[in-house]
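Structural overview for review
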Amino acid sequence: MAERVFARKLSKAGFVAVEFFGHTGYGIDEISDYPLFTPNLIEVMRQTLSPSRQRHLAVAVIVRARKPALG
């Protein structure tokens, strides 16, 4: 999900001062450690994705926001 979309959803939920930082990229080698990605799926990804795409599959971010006190 794009950061701007996520920020808009947080805003609709009442959060303010939304900040994104700590961006960490993940490629096939990094995601293969997670049980969500089976060895078969990792192999299909290695065979079908270009080498440059294999190095940039996902980005993790840290999000900081606050919810104002009511009243």
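In what follows, the accompanying structure is described. Model, not experiment: these values are computed from the prediction.

This part takes up the pattern of salt bridges. Counting across every chain of the model gives 2 salt bridges. One salt bridge connects Glu-19 with Arg-64, and the closest N-O pair in it is separated by 3.4 Å. Here the residue Glu-19 occupies a position in strand S1 (residues 16-26), and Arg-64 occupies one in strand S2 (residues 58-66), the gap between them amounting to 45 residues. What makes Glu-19 partly exposed here is its relative accessible area of 38%. Between Arg-46 and Asp-29 there is a salt bridge whose closest N-O contact spans 3.0 Å. Pair noted here: Arg-46 is in helix H3 (residues 39-48) and Asp-29 is in helix H2 (residues 28-31), with a separation of 17 residues, a long-range link. Since its relative accessible area comes to 34%, Arg-46 is described here as partly exposed. Here Asp-29 falls in the exposed class, since its relative accessible area comes to 52%.

Tallying each qualifying case throughout the model produces 1 aromatic pair. Stacked on the ring of Phe-15, the Lys or Arg Lys-67 has its end atom at 5.4 Å from the ring centre.

About the cut-offs
Residues numbered from 1 in each chain as written. Predicted model: local features only at pLDDT ≥ 70, side-chain atom pairs only at ≥ 80, totals over all residues. Heavy atoms only, no water. Salt bridge = Lys/Arg side-chain N within 4 Å of Asp/Glu carboxyl O. Helix = DSSP H or I, 4+ residues; strand = E, 2+ residues; numbered from the N terminus. Buried < 20%, exposed > 50% of the residue type's maximum accessible area, 1.4 Å probe, protein only. Phe/Tyr/Trp six-rings, centres within 6.5 Å; stacked < 30°, edge-to-face > 60°. Lys NZ or Arg CZ within 6 Å of the ring centre and 35° of its normal.

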